[in-house]
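Take a look at the letters that make up each chain.
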Amino acid sequence: MAQRMPLRRRRRTKIVATLGPASSTPEVIERLFRAGADVFRLNFSHGSHADHAERIAIIRALEKKVDRPIGILADVQGPKLRVGKFQAGRVQLQTGQPFRLDLSPTPGDVRRVQLPHPEIIQAAGIGTTLLLDDGKLRLRVTRKRDDHLETEVVVGGPLSDRKGVNVPDVVLPIPALTEKDRADLAFVLEQGVEYIGLSFVQRPEDVAEAKAIAAGRAWIMVKLEKPQAIDNLGEIVKLADCVMVARGDLGVECPPEEVPLIQKRIVRTARAAGKPVVVATQMLESMIGSPSPTRAEASDVATAVFDGADAVMLSAETAAGQYPYEAVNIMDRIVARVEQDPGWRTLTDAERPQPERSSAGAIAAAARQVAGTMEAEAIATFTSTGSTTLRVARERPDCPIIGLTASEQTARRLAVVWGVHPLPSSEPHSMTDMVAKAIRAAAQEGFAKHGDEVVVTAGVPFGTPGTTNALRVAVVK
């Protein structure tokens, strides 16, 4: 019990930290966990399978050491659209000049360059916008042929070899999973990670394909980074297991003034669906090279917490930055401080979606109401797949949620869910046993003491996925 107590988080919103060259040793990964990281992200745009396998092994060893479930997110790369190479390595494009994008592998010059993606040429039309180098350059299609696009440079600038291409205006006939992604998926599913980050999602079919491959072995976390995905937001969120607001590419393909509103819309939609939602990208970007964030970055993290996100994420800050520990530590402090503010609770209650129109939804809403009325110290949920705990987390109760499960995999998955303290527990064999396990866990984990009340909810018969139909109030003795 003494070992567990210091590791109880004093906040509801979770923290995802990306691992990389700056954070690959057991010592640094443990420091990040103790500073506040609940989930570790592995970025498959970088590193070999051997590198990632080593990090997974370190996380699993840490999990045993601290006796805490830790989630692992494997973020697969997705299609990378890029121009070809230039004769001199780079050119300077002038606003107003013509510029051709074609299929020829001949190194380019100031007049043309290869676009090795016939799908873009096929999908583009007159007036289509192409963004190069993270949106720094903007082209508009003026003529289209089977093997090339003639464009006008709308916003010029330097362009060098292999810079990225974004096409915000059209749905591209490109699958979300490349051959590399499929190989990475096979690897991470064998490794037993909890979540798979799915890039380049445009349509619900992209999510369905990934879910079919995962076959329940991992949750699919859809990265919403393309305008076409926002157009299909409701259907995509319905199919996904969890969602990420990937503001990097979203900020390239959408006008900057739209991104905060899109973030709020995604978080609201995910909350209504009861799906965990992570806000990511550039949250504490300056901490890649600075030991403290800007005030604007602190406000950005706070905004995500006020919006109701389940988790906030650090990318290069912990993967490649000079201050990975400090970045996690200050994010933990910002989140905890926001959640102490009365305005946060007022806003959280005001934004609560209507209960799901089902017996399970009604029980989850009742658990929150009963806990609030009685000022219970915790809500203990028993779950096999995570659905009971997710329903209670959707209600955003005042008190902590103890997510009890006989499945080690489910306990790890719950690491990303708002307000949940995941805890492996043997399957209860009766209602009396369920209550006894709940109050024992609440006491041992430091949530309640003698005489305190705990609300307990579960699905009966026990071990049956998808049922939430039992509610009890128990007193710690």
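Residues numbered from 1 in each chain as written. Predicted model: local features only at pLDDT ≥ 70, side-chain atom pairs only at ≥ 80, totals over all residues. Heavy atoms only, no water.

### Some remarks on the pairing of strand 7 (residues 129–132)
Thinking step 1. Side chains of strand 7 alternate between two faces, with T129 and L131 and L130 and L132 buried alike.
Thinking step 2. In this sheet, strand 8 (residues 137–145) lies alongside strand 7 in antiparallel orientation, the contact comprising four bridges. Each residue of the ladder has a partner; that of L131, found in strand 8, is R138.
Thinking step 3. In textbook terms, the turn of a hairpin is the stretch between consecutive antiparallel strands, and for strand 7 and strand 8 this stretch comprises four residues, one of which, D133, has a positive phi near 55 degrees.
Thinking step 4. Sheet topology note: the strand 7/strand 11 (residues 165–166) ladder contains two bridges and is antiparallel. Each residue of the ladder has a partner; that of L131, found in strand 11, is N166. (Buried < 20%, exposed > 50% of the residue type's maximum accessible area, 1.4 Å probe, protein only. Helix = DSSP H or I, 4+ residues; strand = E, 2+ residues; numbered from the N terminus. Pairing = 2+ DSSP bridges.)

### A look at unusual backbone geometry
Thinking step 1. Looking along the chain, the bond that leaves V460 and enters P461 is cis, with omega of 5 degrees.
Thinking step 2. Examined against the element boundaries, P461 turns out to sit in the loop between strand 20 (453–458) and strand 21 (470–475).
Thinking step 3. A positive phi is found at Q282, a non-glycine position, where the angle reads about 60 degrees.
Thinking step 4. On the basis of relative accessible area, Q282 is assigned to the partly exposed category, the value being 49%.

### Structural notes on helix 2 (residues 49–66)
Thinking step 1. If you check helix 2, its first and last C-alpha atoms are 26 Å apart, about what 18 residues at 1.5 Å a residue would give, namely 26 Å.
Thinking step 2. Residues of helix 2 that are buried include every one of H52, R55, I56, I58, I59, R60, L62, E63 and V66, and no others.
Thinking step 3. Its buried side turned inward, helix 2 meets strand 1 (14–19), helix 1 (26–35), strand 2 (39–43), strand 3 (71–75), helix 4 (179–191) and helix 16 (408–413).
Thinking step 4. Immediately beyond the C-terminal end of helix 2, within one or two residues, lies D67, with a positive phi of roughly 55 degrees. (Expected span 1.5 Å × (residues − 1). Contact = heavy atoms within 4.5 Å.)

### Here we look at the pattern of salt bridges
Thinking step 1. The final tally for this structure, using the stated rule, is 34 salt bridges.
Thinking step 2. A salt bridge links E194 to R60, with the nearest nitrogen and oxygen atoms 3.1 Å apart. Of this pair, E194 sits in the loop between helix 4 and strand 12 (195–198) while R60 sits in helix 2, and the two are 134 residues apart along the sequence.
Thinking step 3. Of the residues examined, E194 reaches a relative accessible area of 0% and is grouped as buried.
Thinking step 4. By relative accessible area, which is 12% here, R60 ends up buried.
Thinking step 5. What you see here is one network of salt bridges that share partners, running through R60, E63, E194, E408 and R412. (Salt bridge = Lys/Arg side-chain N within 4 Å of Asp/Glu carboxyl O.)

### Structural notes on the side chain of T389
Thinking step 1. Take T389: it is sitting in helix 15 (residues 387–394).
Thinking step 2. Looking at T389, the relative accessible area reads 0%, which means it is buried.
Thinking step 3. Other than its neighbours up to four places away in sequence, T389 contacts T381, T383, I401, G403, L414 and V420.

### Some details on the pairing of strand 9 (residues 148–155)
Thinking step 1. Both strand 5 (residues 98–102) and strand 9 contribute to a ladder of five bridges, which runs antiparallel. Across the sheet, the residue bridging to L101 is L149, located in strand 9.
Thinking step 2. What sits between the antiparallel neighbours strand 8 and strand 9 is a turn of two residues.

### Examining the sheet that holds strand 12
Thinking step 1. With parallel pairing, eight strands are arranged side by side around a closed barrel as 1-2-3-12-13-14-15-16. For this sheet the average axis-to-axis angle between neighbouring strands, irrespective of direction, equals 25 degrees.
Thinking step 2. Pairing between strand 1 and strand 16 (residues 311–314): four bridges, direction parallel. Within strand 16, the position partnered with V16 by the bridge is M313. (Axes fitted to C-alpha atoms, helices over the stretch in contact; angles between N-to-C directions.)

### With respect to the sheet that holds strand 8
Thinking step 1. Ordered in space as 6-5-9-8-7-11, the six strands form an open sheet in which the pairing is mixed. Among the strands making up the open sheet, the edge pair consists of strand 6 (112–114) and strand 11.

### Looking at the nonpolar core
Thinking step 1. Membership of the largest hydrophobic core comes to 73 residues, with the highest contact counts inside it found for F40, I196, L224, I266 and M331.
Thinking step 2. Per element, the largest residue contribution to this core is seven residues, and it comes from helix 12 (residues 324–340).
Thinking step 3. The contacts of M331, once residues within four sequence positions are left out, are I15, M283, L284, V301, V312, M313 and L314. (Core = buried A, V, L, I, M, F, W, Y, C linked by side-chain atoms within 4.5 Å.)

### Focus: helix 9 (residues 259–273)
Thinking step 1. The end-to-end C-alpha separation of helix 9 is 21 Å, in line with the 21 Å expected for 15 residues at 1.5 Å each.
Thinking step 2. Taken together, the buried positions of helix 9 are occupied by V259, I262, Q263, I266, V267, A270 and R271. Down the axis, helix 9 shows its buried residues gathered within 165 degrees of arc, on one side only.
Thinking step 3. G274 occupies a position one or two residues after helix 9 and carries a positive phi of about 70 degrees. (Arc of directions from axis to C-beta.)

### Some words on the environment of K144
Thinking step 1. The residue K144 is located in strand 8 in this model.
Thinking step 2. K144 sits in the partly exposed class, given a relative accessible area of 31%.
Thinking step 3. Sequence separation between K144 and A124 is 20 residues, and the spatial gap between their C-alpha atoms is 7.9 Å.
Thinking step 4. Looking at K144, its side chain comes within polar contact range of the main-chain oxygen of A124, at 2.8 Å. (Polar contact = N/O pair within 3.5 Å; in protein donor to acceptor, adjacent residues only side chain to side chain.)

Scope: geometric values only; no functional claims are made or implied.
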